[in-house]
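Residue-level listing of the chains:
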Amino acid sequence: MKWTLDEAQKQLPSIINATSQEPQLIYTEEELVAAILDPELFQEFLNWRQKATKTSLAPSYLIGIQSR
């Protein structure tokens, strides 16, 4: 759901509860300034990012070694 910053400040408990349904996006005018996620979804993102970082750095490092 999309919220304005003013609405988010007034409705924070409701927004936190709504994260179980979908991420809650907070905007100032047309600019996205925050997203509130379910903790499990956020943990999945952190796990994905950690795996992506581990797998993407090794090939770059090896290419650098081979070109020496």
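Higher on the page you've got the structure.
Below you will find a few notes about this structure.

Cut-offs applied
Residues numbered from 1 in each chain as written. Predicted model: local features only at pLDDT ≥ 70, side-chain atom pairs only at ≥ 80, totals over all residues. Heavy atoms only, no water. Helix = DSSP H or I, 4+ residues; strand = E, 2+ residues; numbered from the N terminus. Buried < 20%, exposed > 50% of the residue type's maximum accessible area, 1.4 Å probe, protein only. Contact = heavy atoms within 4.5 Å. Areas by Shrake-Rupley, 256 points an atom, 1.4 Å probe, with all protein chains shown as cover. Polar contact = N/O pair within 3.5 Å; in protein donor to acceptor, adjacent residues only side chain to side chain.

## Some words on the overall build of the chain
Within the chain, the regular secondary structure consists of 3 helices and 3 strands. Put simply, the chain runs from its N terminus to its C terminus through helices and strands in the order β-α-α-β-β-α. Across the 68 residues that make up the chain, the buried fraction comes to 10%. Across the chain, the fraction of contacts at a sequence separation of at least 24, relative to all contacts at a separation of at least 6, is 12%. Taken as a whole, the chain presents about 5800 Å² of accessible surface, with 58% of it coming from carbon and sulfur.

## Structural notes on the side chain of Q24
Assignment of secondary structure puts Q24 in strand β2 (residues 24-28). Taking relative accessible area as the criterion, Q24 reaches 1% and is therefore assigned buried. In this structure the side chain of Q24 is engaged in a polar contact, spanning 2.7 Å, whose partner is the side chain of W3. Those residues in contact with Q24, other than ones at most four positions away along the chain, are M1, W3, I15, A18, T19, A34, A35 and I36.

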